[in-house]
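# Structure assessment
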Amino acid sequence: MPLLAPARYKAAFGGRGSGKSHFFADLIIEDSLKHKGLRSVCIREVQKSLKDSAKRLIEDKLTEHGIGTADGFKVFREAIETPGDGIITFQGMQDHTAESIKSLEGFKRAWAEEAQTLSARSLALLRPTIRAEESELWFSWNPRRKTDPVDLMLRSDIPPTGAAVVRANWSDNPWFPKVLEQERLDCLRDVPDQYDHIWEGGYATVTEGAYYARPIAIAKAEGRIGRVAADPLMTRRAFWDIGGTGAKADAAAIWIAQFIGREIRVIDYYEASGQPLAAHVAWLRAKGFGDALCVLPHDGATNDRVFDVSYESALRDAGFAVEVVPNQGAGAAALRIEAGRRHFPSIWFNEETTRAGLEALGWYHEKRDEMRHIGLGPEHDWSSHGADAFGLMCVAYEGPKARAEVPGRRRQRWVV
Ligand SMILES: Nc1ncnc2c1ncn2[C@@H]1O[C@H](COP(=O)(O)OP(=O)(O)OP(=O)(O)O)[C@@H](O)[C@H]1O
Ligand SMILES: [Mg+2]
């Protein structure tokens, strides 16, 4: 219903078999009947052939509704002619350049199917091109990652003005077929950890080779992901990972935690990319962590000396106490993962502020050589910064093992 009224953006996301494709295929036919001469384009990020497009589905819908040439629809090899000299075409965004996309100006409907694969470039090309009065951009997709461009655009706190965004699942589809119902039940039985992603529209998690998938599931089940408040008398620690140097600084991740008794209480998480150190410091201060003890990695495998020293001194200059975890050499990543898994059972997370960090941890996984079935160490991707900083926290927790922290004590020295 919310997608029937005119809207600049119409979006339906969710799991398999929720009727997303059928809905928009019907709507494009309806709109073509209603507005004579309507030009529409069905879009995929990659369309190698028309088989990859929604063309066949629209044709089937026309047949199903008994709509044909008498009504002004005519199916051609590459396109469908619609009443009043309108058209529905089928295109792949990757075949377009900034120049060629201009051919779509004047189109009033653009429907992107499988929109989770749309690149940021494609969205940036598409949005200003579909500019005719009362034009609409439609998106249907099965969510994959929170950071996919379509999710960032339509599911952030501030979606574009005039957006109608709907979550749709199998349970919302009154025509949900029996065959799919059986598929769904089998999935629930055979691959329960994929079920939420495939059928309920949840973001994908890597299960094979994911270092923290199990410990996270256990933490959830044990209620260790919930509400964790900071203890005002205990040291707040900020565990850093910085993924670049100077002007090239890319991603930074920071976990804020307190070591209390035998527990690590994680109270916040931050990540940013392409931002200078000042931005990270500003976040710490804004969140009330201006007095945090900053813990930096000194990892010979990934960071060079100069870089550590510069961050360390910059943070000191900004008034922070800084601790540097000694160089762990080539096996550093593995040591961090081991420490992370060992201590996971004693870690508590404040869910609301650490969601992005938990997502990174859930994704962080081993790169695999499919031919030889061997692990190649952690995959270096968007999740590694968060996971590295997390591992650093667990390594640091082990360092001063025997010490019992005294409330109010602000500075700790690293003991090897
Ligand atoms: N309007 C409709 N009329 C008749 N049947 C429908 C309609 N909408 C959905 N269905 C039935 O529900 C099934 C699933 O719908 P559809 O293929 O549109 O789902 P989807 O959300 O696009 O799924 P996927 O994520 O797998 O692409 C269809 O194969 C069809 O059998
Ligand atoms: Mg579909």
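The sections below set out a description of the structure shown in this document. (Residues numbered from 1 in each chain as written. Chains lettered and ligands numbered in written order. Predicted model: local features only at pLDDT ≥ 70, side-chain atom pairs only at ≥ 80, totals over all residues. Heavy atoms only, no water.)

## Quick look at unusual backbone geometry
Even without glycine at this site, Asp85 takes up a positive phi of about 70°. Secondary-structure assignment places Asp85 in the loop between β4 (80–82) and β5 (86–92). Although it is not a glycine, Glu134 sits at a positive phi angle of roughly 60°. Structurally, the position occupied by Glu134 is in the loop between α3 (120–129) and β7 (136–141). (Helix = DSSP H or I, 4+ residues; strand = E, 2+ residues; numbered from the N terminus.)

## Here's the deal with the site of ligand 1
If you check the shell around ligand 1, you find 14 residues, and the closest are Gly17, Lys20, Ser21, His22 and Asn173. Within the contact set of ligand 1, an oxygen atom lies 2.9 Å away from a backbone nitrogen or oxygen of Gly19. One of the side-chain N or O atoms of Ser21 is found 2.7 Å from an oxygen atom in ligand 1. Burial of ligand 1 by the surrounding chains reaches 76%, relative to a free accessible area of 630 Å². No other element matches the four residues that helix α1 (residues 20–34) contributes to the shell around ligand 1. For the shell around ligand 1, the residue count by class is two nonpolar, eight polar and four charged. (Near = heavy atom within 4 Å. Polar contact = N/O pair within 3.5 Å; in protein donor to acceptor, adjacent residues only side chain to side chain. Areas by Shrake-Rupley, 256 points an atom, 1.4 Å probe, with all protein chains shown as cover. Nonpolar A, V, L, I, M, F, W, Y, C, P; charged D, E, K, R; others polar.)

## Details of the side chain of Thr129
Structurally, Thr129 is set in helix α3. What makes Thr129 buried here is its relative accessible area of 6%. Within the local environment of Thr129, its side chain forms a polar contact with the backbone oxygen of Leu125, the two atoms lying 2.6 Å apart. With residues up to four places along the chain from it excluded, the contact list for Thr129 reads Ile101, Leu104 and Glu105. (Buried < 20%, exposed > 50% of the residue type's maximum accessible area, 1.4 Å probe, protein only. Contact = heavy atoms within 4.5 Å.)

## Focus: the pattern of salt bridges
Close approach of charged atoms allows side chains of opposite charge to pair. Enumeration over the complete set of coordinates arrives at 21 salt bridges. With a shortest N-O distance of 3.4 Å, Asp60 and Arg56 are connected by a salt bridge. One end of the pair, Asp60, and the other, Arg56, are both in helix α2 (residues 55–65), four residues apart, so they sit about a helical turn from each other. The class of Asp60 is partly exposed, set by a relative accessible area of 37%. For Arg56, a relative accessible area of 57% translates into the label exposed. The partner of Glu398 in a salt bridge is Arg342, with the nearest N and O atoms 2.4 Å apart. Separated by 56 residues along the polypeptide, Glu398 in helix α12 (residues 384–398) and Arg342 in helix α10 (residues 332–343) bring together distant segments of the chain. (Salt bridge = Lys/Arg side-chain N within 4 Å of Asp/Glu carboxyl O.)

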